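Listed below, chain by chain, are the residues.
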Amino acid sequence: MAHMSSPGAERAPWTPMSWRDRHAEQQPDWPDDAAFEGTLKTLSSYPPLVFAGEARQLTADLARVSSGEAFLLQGGDCAESFEAFSADSIRERLRVILQMAVVLTYSAGVPVVKVGRIAGQFAKPRSSGTETVDGVALPSFRGHMVNDIAFTAAARVPDPQRLVEAYHQSASTLNLLRAFTKGGFADLGRVHQWTQEFVRTSPEALRYEQLAQEIDRALRFMHACGLDHESVPALHEVDFYTSHEALVLGYEEALTRRDSLTGDYYDCSAHMIWIGERTRGIDDAHVEFFRGVGNPVGVKVGPTASPDEVLELCQTLNPERIPGRLTLITRMGADSITDGLRPLLRAVADAGHPVVWTCDPMHGNTFTAPSGKKTRHFDAILAEIKGFFDAHRAEGTWPGGVHVELTGDDVTECLGGAEDLLDDDLGLRYESMCDPRLNGRQSLDLAFRVSELLRG
Ligand code: PEP
Ligand code: CO
């Protein structure tokens, strides 16, 4: 990736629109600009989805991750779907993340900051602008916020009305998440009930069940000591935050609002937003947009990122060095992590930038299986996480978290795991519209493995 400016180089003043003067990668080719701008105008009149105080709370939580006192668990779909939209699907995604968080908190004794790739994860960057099937080339699917996945010319035309639908689906999803996390579903007294039917008899579930019994015992002990669990919010409510790749900048601009308390701008489409590996050019539009919003922000960092590039991102996105403001999400691939990560860790530590380092073990380990299905092997995912921990231990930095694509459902999208899914099995229940996700069992298994690494 070319870089043209030096860190701290003068930039024109930031506004929610200043990204428009720069080159924006991966933007849809809207057929009618006036219709697109009209939709943005409508969206800009709608209520914000989150409010600034919540984003600041997440920054404070992430600050504890950056100083090594907490761990970040970020996960969810590669791409959310307009079709697979139901209370069940929202609950199952929340449930698996809560289960993983309990495993990490209980077995590793570290507070877990929980962030979903949910309630807004509707836009996808693509390696190629077109997809060819049987000699027919059509524009690529770019997520339900933009076009449809069906392989017809009509379905692939970007439709700005989808931005409005994405907004409404995000709002209902967020509403249910708030109800679940504050209304009793997340009560620690219910940890037993979080295990789904298909997981219940598996070794991971038995291990989880043991842990749940220990938590029950601890709760009974506290109760016997006179501590009323109802009066301790931390035991029956959780803070659960939303995040997505803020790819379609017009949508993000339309949801950017000035906070009346501080006068600062926040992108109120989600608590946290991140920049993808394909859109992190230092002089490009995404970095420009992100530098001006007050939310905690992430950047994906792939195997080609140089220490200088990463330092420029730190300097541009977090010039005031606010702890928790910037999360670097490394996605190197199991083979590149050992050599690739350490120079970055050292450069950022030497420069004194307070970042959260988190490991996306998914996107550097994707390949197409002989069956033609896009997949990842559970062992490669674990190997990258192990390499991530090793690199941090060697540099004396904190392996702050994991960023994973998962679902609570019994899908067959990633190879391996305790059930040892094979290529032939992928066709059984491959439901992802984009990248392959860990299923409920694989996710739980991963949480146990990560807690072992954390204890190690
Ligand atoms: C993603 O997180 O789904 C994604 C596209 O990741 P990356 O930008 O790291 O390739
Ligand atoms: Co993905």
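Thresholds applied
- Residues numbered from 1 in each chain as written.
- Chains lettered and ligands numbered in written order.
- Predicted model: local features only at pLDDT ≥ 70, side-chain atom pairs only at ≥ 80, totals over all residues.
- Heavy atoms only, no water.
- Near = heavy atom within 4 Å.
- Polar contact = N/O pair within 3.5 Å; in protein donor to acceptor, adjacent residues only side chain to side chain.
- Areas by Shrake-Rupley, 256 points an atom, 1.4 Å probe, with all protein chains shown as cover.
- Nonpolar A, V, L, I, M, F, W, Y, C, P; charged D, E, K, R; others polar.
- Disulfide = S-S within 2.5 Å.
- Core = buried A, V, L, I, M, F, W, Y, C linked by side-chain atoms within 4.5 Å.
- Buried < 20%, exposed > 50% of the residue type's maximum accessible area, 1.4 Å probe, protein only.
- Helix = DSSP H or I, 4+ residues; strand = E, 2+ residues; numbered from the N terminus.
- Contact = heavy atoms within 4.5 Å.
- Pairing = 2+ DSSP bridges.
- Right-handed = clockwise from strand over helix to strand, strands pointing away.
- Donors = N, O, S within 2.8 Å, 3.2 Å for Na, K, Ca; no water.
- Axes fitted to C-alpha atoms, helices over the stretch in contact; angles between N-to-C directions.

### So, the site of ligand 1
What surrounds ligand 1 is the set Cys78, Arg117, Lys124, Pro125, Gly276, Glu277, Arg278, Lys300, Arg331, His363 and Glu405. Separating an oxygen atom of ligand 1 from a side-chain N or O atom of Arg117 is a distance of 2.9 Å. At 2.6 Å from an oxygen atom of ligand 1 is found a side-chain nitrogen or oxygen belonging to Arg331. Considering ligand 1 on its own, with 290 Å² of exposed area, one finds that the protein chains cover 98% of that surface. In the shell around ligand 1, the residues fall into two nonpolar, two polar and seven charged.

### As for the state of the cysteines
This model, assessed by the stated rule, comprises zero disulfides. Cysteine Cys359 remains unbridged, with the sulfur of Cys414 as its closest cysteine sulfur at 14 Å.

### Quick look at the nonpolar core
Nonpolar side chains in soluble globular proteins tend to be buried together. One finds Leu328, Trp357, Ile385, Leu438, Leu446 and Val450 to be the most contacted residues of the largest nonpolar core, which totals 83 residues. With ten residues, the top contributor of residues to this core is helix α3 (residues 87–108). For Trp357, the residues in contact, after removing those within four places along its chain, are Leu328, Thr330, Leu341, Leu344, Leu345, Val348, Phe388, His392, Trp398, Pro399, Gly400 and Gly401. Among the nonpolar cores identified, the runner-up in size contains 26 residues, and Leu40, Met145, Val146 and Leu163 belong to it.

### Looking at the pairing of strand β8 (residues 272–275)
Burial of β8 is two-sided: the residues Met272 and Trp274 facing one way and the residues Ile273 and Ile275 facing the other way are all buried. Relative to β8, strand β5 (residues 240–245) runs parallel, the two sharing three bridges. Within β8, the position partnered with Glu245 by the bridge is Trp274. In the sheet, β8 pairs with strand β9 (residues 297–301) via three bridges, with the strands oriented parallel. If you follow Trp274 over to β9, its bridge partner there is Gly298. The parallel pair β8 and β9 is bridged by helix α8 (residues 285–292), and the resulting crossover is right-handed.

### A closer look at the pairing of β9
A regular strand carries its side chains on alternate faces of the sheet. With five of five residues buried, β9 is to be regarded as a mostly interior element. Covered by surrounding structure in β9 are Val297, Val299 and Val301 together with Gly298 and Lys300, the residues of both alternating faces. Inspection of the sheet shows β9 paired to strand β10 (residues 326–330) by five bridges, in the parallel sense. By the bridge assignment for β10, Val297 is matched with Leu326.

### Considering the coordination of the cobalt ion (ligand 2)
Listed as protein donors to the cobalt ion (ligand 2) are Cys78 (SG), His363 (NE2), Glu405 (OE) and Asp435 (OD); their distances from the metal cover 2.1 to 2.4 Å. Mapped onto the sequence, the residues coordinating the cobalt ion (ligand 2) show the spacing C-x284-H-x41-E-x29-D. Taken together, the residues span a long stretch of sequence, with His363 in the loop between β11 (356–359) and β12 (367–368) and Asp435 in the loop between β14 (401–405) and α12 (440–455) at a distance of 72 residues. Note on His363: relative accessible area 18%, which makes it buried. In this structure Asp435 comes out as buried when scored by relative accessible area, which is 7%.

### What to know about the sheet that holds β8
Pairing in this closed barrel of eight strands is parallel, and the strands run β1-β2-β5-β8-β9-β10-β11-β14 around the ring. For this sheet, the mean inter-axis angle between neighbouring strands, taken without regard to orientation, is 25°. Pairing geometry for strand β1 (residues 71–76) and strand β2 (residues 112–117), over six bridges, is parallel. If you follow Gly75 over to β2, its bridge partner there is Gly116. Here helix α2 (residues 52–66) sits on the sheet in contact with β1, β2, β5, β8, β10 and β11, set at roughly 125° to β2.

### So, unusual backbone geometry
Phi is positive for Gln26, which is not a glycine, with a value near 65°. One can find Gln26 in the segment before α1 (33–44). One non-glycine residue, Ala119, lies in positive phi territory at about 60°. If you trace the backbone, Ala119 turns up in the loop between β2 and β3 (130–133).

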